[in-house]
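Given next are the chains, with one letter for each unit.
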Amino acid sequence: MLKGLEVSEVKWSDVKGENGELRIDAEYFQKEYLNEDINLSKIGIAKLGEYAFVTDGQHGYYESDPKSRISMLAARNCKNYFADKIDALPLAKWVDDNNKRSSLQHGDIILSTRGSVGCCAIVYDEVLPANINQDVARIKLNDSNSFVPEFVITYLNCKYGQNWMLRNQTGMVQQGLPLDKVRTIPLPLLSTDFQQKIESLAKSAHAKLAESKALYSQAEDTLLSELGLKDWQPKTESVSIKTFSDFASSGRLDAEFYQQKYDELEGKIKSVPYKAISELQTFNARGVQPDYISNGSVSVVNSKHILENGLDYENFEKTTTDFLKDNEKAAIKQNDILIYTTGANIGRTQPYLLSEPAIASNHVNILRLNEVNPLYAAFVLNSKIGRLQTEKACTGSAQAELYPSDIENFLLPILSEKTQDTIANLIQKSFELRAESKQLLEQAKQMVEAEIEK
């Protein structure tokens, strides 16, 4: 009668003692969760709140200040094991001064408590000074030496920590993890020697990531220096004089399209050899709406997989080989350039470096070029050179859109083959180091899980 169903038998006394909310829903008592509880109980646990100060960030109104060095970190800055400042707002100093309880320090852990619950990262000096908003918890371990911060963040990111937070989040419209729950997160009582091994792996991963970022910045400096754009600040005049022929040729009547900074950028590009994308492209089109199949054999790249510093290869979704055969025009080949074309991160651009075929979703543009190094071209389009051209070309009121017909009008500086190769090699090495960093973190998580289960 119950064949194929998962059934867990739990004593009522265990249910009453298990959680403060008296949860009786089946999801809370999945066998995977119960087995993890058993494994943790065998080695002993401590509650996070016994060894850490836990608080949340600034509630309500807070003021930004473009001149401030203080970053306001949000849930999006907790996603990659090491806290980052990508798209973080600059926070007015008085707000940070009035909220020192949530002002971050080296070695703190930040945890998303609303929306994408469970995203967590460790804070190192590159993001400081910083504070957090109300959707993020600050976890400051005490000085007892019982727990090493790098071990705690690794545990929280492994399946035990992630499943515990997934299991204990609550809410109907938006999921959340209250601070009282965060304080009860169980930490496994593993030896200091073992924790220090995890600390060493995490710090090695961080060093590789830092080197990766440095190489990426070196490539950026090389490109911008060649074009005289390294210290360039576009003019901000609110008036730009154009002729009727300018309006006729572009078909655009909005003032934003004719800002002077776009003319300045075009002048910089045209100061070196350059070509329009239309002169270089052999293919330029968006993908298709895919049929997602969880156990499919073909990767699907959609816009969320185009990150600021590479593609999110580990989290591609899947479809079938038959779908790929029926939609060959949306097939991605090695060294194709993929562009985010709809929504918040419009203009993000990354090369596809795998040899295995994949397929692009309908909000991803595939660009295939001749006569230019594809890593170099993707890097240029992802830099301020491409982003400003995206900013000029995109259309849409409710949601920004970038079309293939817009992309083909982009100008690409054609630097010497030697310079292109130099930039491409720096980017390639940067990608490799980032991948090595991820591998070390994955190794650390697996070690923690194995140590709990052995």
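Described in the following lines is the structure provided in the data block. Here the residue numbering is sequential within each chain, running from 1 through the sequence in written order. Only residues with pLDDT of at least 70 are given local features in this predicted model, and only at 80 or more are side-chain atom pairs given and counted; all residues enter the totals for whole chains, interfaces and linings. Water and hydrogen atoms play no part in the side-chain values, which are based on all heavy atoms of the structure.

1. A short note on the overall build of the protein
And then number 1: Under the DSSP-based scheme used, a helix requires at least four consecutive residues in state H or I and a strand at least two consecutive residues in state E, with every element numbered from the N terminus. Regarding its fold elements, the protein presents 15 helices and 22 strands.
And then number 2: Buried residues in the protein amount to 47% of all 454 residues.
And then number 3: Contact between two residues is taken to exist if any of their heavy atoms lie within 4.5 Å; hydrogens are not considered. A separation threshold of at least 6 residues defines the contact pool for the protein, and within that pool the share at least 24 residues apart is 77%.
And then number 4: Residue exposure ignores everything except the shown protein chains as possible cover, and the areas themselves are Shrake-Rupley values with a 1.4 Å probe. As presented, the protein carries roughly 22800 Å² of accessible surface, and 49% of it is formed by carbon and sulfur atoms. Whether a residue is buried, partly exposed or exposed follows from its accessible area with a 1.4 Å probe, protein chains only, as a fraction of its type maximum: under 20%, in between, or over 50%, in that order.

2. A closer look at the pattern of salt bridges
And then number 1: By convention in these notes, a salt bridge is any Lys or Arg side-chain nitrogen within 4 Å of a carboxyl oxygen on Asp or Glu. Evaluation of the coordinates by the stated rule reveals 22 salt bridges.
And then number 2: As a salt-bridge pair, Lys93 and Asp97 come within 2.9 Å of each other at their nearest N and O atoms. Taken together, the positions of Lys93 and Asp97, both in helix H3 (residues 93–97) and four residues apart, correspond to about one turn of that helix.
And then number 3: Lys93 gets classed as exposed once you look at its relative accessible area, which sits at 51%.
And then number 4: Asp97 sits in the partly exposed class, given a relative accessible area of 36%.

3. What to know about the packing of helix H4 (residues 149–157) against helix H15 (residues 417–453)
And then number 1: Axis lines are fitted through C-alpha atoms, for helices just across the contact stretch, and the angle between N-to-C directions can take any value from 0 to 180 degrees. Running from N to C, H4 and H15 point in directions that differ by 80°, and their axes come no closer than 9 Å. Comparing the axis directions of H4 and H15 gives the class roughly perpendicular. For the pair formed by H4 and H15, the contact residues are Phe151, Thr154, Tyr155 and Asn157 on the first element and Ala444, Lys445, Val448 and Ile452 on the second.
And then number 2: Here the contact of H4 with H15 is built from residues that sort into five nonpolar, two polar and one charged. The cut-offs work like this: below 35 degrees is roughly parallel, past 145 is roughly antiparallel, 65 to 115 is roughly perpendicular, and the gaps in between are oblique. Charged residues are taken to be Asp, Glu, Lys and Arg, nonpolar residues to be Ala, Val, Leu, Ile, Met, Phe, Trp, Tyr, Cys and Pro, and polar residues to be all remaining types, Gly included.

4. Some details on the packing of helix H12 (residues 374–382) against helix H13 (residues 384–393)
And then number 1: Where H12 meets H13, the axes come as close as 4 Å, and the angle between the chain directions of the two elements is 55°. Relative to H13, the element H12 is oriented oblique. Residues Val380, Leu381 and Asn382 of H12 form the contact with H13, whose participating residues are Lys384, Ile385, Gly386 and Arg387.
And then number 2: A breakdown of the residues in the contact of H12 with H13 according to their chemical character gives three nonpolar, two polar and two charged.

Function cannot be inferred from these measures alone, as they are strictly geometric.
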